[in-house]
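# Structural characterization, general
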There are 2 protein chains.
Amino acid sequence: MKSITIIDVAKKAQVSVATVSRVVNGNYPVKDSTRRKVLDAIKELKYIPNIQARELNTQHSSIIGIILPSLFNTFFAEVINGIESFTATSGYSLLLTYTKDNPISEKKCMNELLMRNVSGIINISPNTEKVASDFFDQIAERIPMVFINSYIKRPAISYVNNDERIGTKIALEYLISLGHRNICFIRGDRSDSYEFKQDIYEEVMKKLNNFKEEYVLNIGAGNSIETVELAANKIMETLKEHKEITAIFSCNDLMGIGAVNGCHRLGVNVPKDVSIMGFDNVFLSHFIEPKLTTMDQNMMTLGWTAASLLMEKIANDNKTSRQVVLQNTLVLRDTTAPCRDLKK
Amino acid sequence: MKSITIIDVAKKAQVSVATVSRVVNGNYPVKDSTRRKVLDAIKELKYIPNIQARELNTQHSSIIGIILPSLFNTFFAEVINGIESFTATSGYSLLLTYTKDNPISEKKCMNELLMRNVSGIINISPNTEKVASDFFDQIAERIPMVFINSYIKRPAISYVNNDERIGTKIALEYLISLGHRNICFIRGDRSDSYEFKQDIYEEVMKKLNNFKEEYVLNIGAGNSIETVELAANKIMETLKEHKEITAIFSCNDLMGIGAVNGCHRLGVNVPKDVSIMGFDNVFLSHFIEPKLTTMDQNMMTLGWTAASLLMEKIANDNKTSRQVVLQNTLVLRDTTAPCRDLKK
DNA sequence: CTGAAAGCGCTAACAT
DNA sequence: ATGTTAGCGCTTTCAG
């Protein structure tokens, strides 16, 4: 099982290891005939360079670590796609770690990445408590980091955010413009983005003089395989008790889909009886029936921008940080309609 | 930016590097008071061990490489979840690479993993041509590999497969039992699993004396963000020309959902006019309306088993290979019904 | 253009 | 129980 090393190649080609290294990396002049000998030896021995050794030596890794809460919400897949679209040609590869929406696991992920000496870290939708603590602060000094959709600012970190606050406001105001007053709010645990959406929700509802604690529904896991079901159940429960509710704002599309299903099971018509607003515009929001009205987060751009900010940080030796804010756009589809009460 | 090494810790704690290594790894006895000194130094300096150096030394990495075609089909996310459920406690972490359904990129992924000295590789739904060639053969000798849902057998590789052939047969026979005769078949490019499903399809249809080339629909990208749309378009096109078609078999749920949408746009009622059968039982197949009838592949078990086979291989120094076959089960939901022609 | 050799950070004999 | 030291495979001065 002994693997082929640069020494084997050097012997076979009858040159020094330095020369082999040079032809492998193409960073120093090598005579053509020599190069050929080396290349032949490499091919014959099926030599594969050991990146760990190389990177140990150069003190630099070509991996970008990505931390994401889950793979079940394709939101993340779409963001990663954006990241990849930027890094594809850059020689970096992506090490994905995922936290399963669990803060302890998120810490483990960070450590894992640090030990592996990644060149930088992109954290998608980081955990609130952790950001609030200075957990990331120390790390950000050592290693370039960019956060996607995180709202507590740290000087050493770069950010790309959708302005989810404004997005939330627009969404809510749209519902209100349709005549809805009794709007409930579905969220999950712990992510920053839920907190900020909820702030806006409270603000808007209080202005309407209609904020009620019972309308804030926390389903726990917001990005898991069970999210849709959790949301459906919560909505059924809530709608039974609060028949006055005519609209639902969901913090992400998975919850929105759950809400749609919950209504269906209750025999409640969407959008005639109840309007439902999603958030994200995940690709599957077109596919469900009725198609989900939602806020587009443009995940591709989000990912692409994050990657570009990270590259910038890496290039600057982690000296500078920047913040980019993207705007959400409302995507009107089939789950929202004028409030039923208007007809009375 | 110089990072803290084991030497710094040793100096600070006034012990040798070996002692530091011992307390970090906990593999040799260390006096309590010494351990404390070292631990203090580690904490104070914020020392993080360099895994690359460790693994270079031990000639063993704690990474399992995973190759998957895409993240857009949550099939893969669900399989990874299964893998993770096995490895969570084992100290291995997962390096995900994805091929975007592209054979060249798949080769790059393999190489990337090899250079990183991963302990083993799990390849989900590998590329046909590559498997048919002996590309993987040589690699499998050097490094433990397990394939999920691949059908060309190589002695050095372990396999977990759903018996998609039998699954396909059952699905098709179910459609036939509903009276369907004009059944079309949607597939994507290149994955083994499409080939084998198509073989069965041809066999079954020929037995019915009703095999027609035009009923085999290849939409290209089978796991991409566009898959649903591609399938929808293809179905619209096909149904316009072949009004006699009363049932559609789709190689995965994404295509099945696309087929449902295509029918809707055409004003074709599912399942009254046309029955649609999915494959996989991806979690979102419950959420669409009408809910998709499909073949469950039990992705969790698939992933879990793959991980266990890989661990077995690693433990055996890659000497033994095994094959595990899982059975699919038919999940009856709302997209299939008796053939409309029966009523005539 | 090429070779010799130091050293990246760590582990594991081998000594003591 | 602890220290000394030889590498792991590679890159990169420094000489030639």
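Our structure is the block above this text.
Residues numbered from 1 in each chain as written. Chains lettered and ligands numbered in written order. Predicted model: local features only at pLDDT ≥ 70, side-chain atom pairs only at ≥ 80, totals over all residues. Heavy atoms only, no water.

### Focus: the sheet that holds strand β9 (residues 275-277) of chain B
All names here are of chain B. Pairing in this open sheet of four strands is parallel, and the strands run β7-β6-β8-β9 from one edge to the other. Lying at the two open borders of the sheet, with one neighbouring strand each, are β7 (216-218) and β9. The average undirected angle you get between the axes of adjacent strands in this sheet is 20 degrees. With three bridges joining them, strand β8 (residues 247-250) and β9 adopt parallel strand pairing. Paired with Ile 248 across the bridge in β9 is Ile 276. Each of β6 (183-187), β7 and β8 touches helix α10 (residues 192-207); the most contacted strand, β6, lies at about 170 degrees to it. (Pairing = 2+ DSSP bridges. Helix = DSSP H or I, 4+ residues; strand = E, 2+ residues; numbered from the N terminus. Axes fitted to C-alpha atoms, helices over the stretch in contact; angles between N-to-C directions. Contact = heavy atoms within 4.5 Å.)

### A look at the sheet that holds strand β11 (residues 323-326) of chain A
Residue and element names in this part refer to chain A. Read from one edge of the open sheet, six strands run β2-β1-β3-β4-β5-β11, paired in parallel fashion. Looking at which strands have only one partner, the edges of the open sheet turn out to be β2 (93-98) and β11. Across the sheet, the mean angle separating the axes of adjacent strands is 15 degrees when strand polarity is ignored. Here four bridges tie strand β1 (residues 63-68) to strand β3 (residues 120-124), and the two strands are oriented parallel to one another. In the sheet register, Ile 67 faces β3, and the bridge partner there is Asn 123.

### Brief notes about the packing of helix α5 (residues 74-87) of chain A against helix α13 (residues 299-315) of chain A
Residue and element names in this part refer to chain A. Closest axis-to-axis distance for the α5/α13 pair is 7 Å, and the angle between their directions is 45 degrees. What the angle tells us is that α5 and α13 run oblique. Seen along the crossing, α5 lies across α13 with a hand that is right-handed. Of the residues in α13, those in contact with Phe 75, Glu 78, Val 79, Asn 81, Gly 82, Ile 83, Ser 85, Phe 86 and Thr 87 of α5 are Met 299, Met 300, Leu 302, Gly 303, Trp 304, Ala 307, Ser 308 and Met 311. Within the contact of α5 with α13, the residues separate by chemical class into ten nonpolar, six polar and one charged. (Parallel < 35°, antiparallel > 145°, perpendicular 65-115°, else oblique. Left-handed = near helix turned anticlockwise from the far one by under 90°. Nonpolar A, V, L, I, M, F, W, Y, C, P; charged D, E, K, R; others polar.)

### Some details on the nonpolar core
Of all hydrophobic cores here, the largest spans 153 residues; its most connected members are Ile 124 and Phe 249 of chain A together with Ile 124 of chain B. Once residues lying within four places of it in the same chain are set aside, the contact partners of Phe 249 of chain A are Thr 168, Ala 171, Leu 172, Leu 175, Ile 183, Cys 184, Phe 185, Ile 186, Lys 197, Met 277 and Phe 279 of chain A. Core analysis: the next-biggest nonpolar cluster, separate from the first, contains 42 residues, Leu 114 and Phe 135 of chain A together with Ile 51 and Val 118 of chain B among them. (Core = buried A, V, L, I, M, F, W, Y, C linked by side-chain atoms within 4.5 Å. Buried < 20%, exposed > 50% of the residue type's maximum accessible area, 1.4 Å probe, protein only.)

As far as function goes, none of this settles anything; it's purely spatial.
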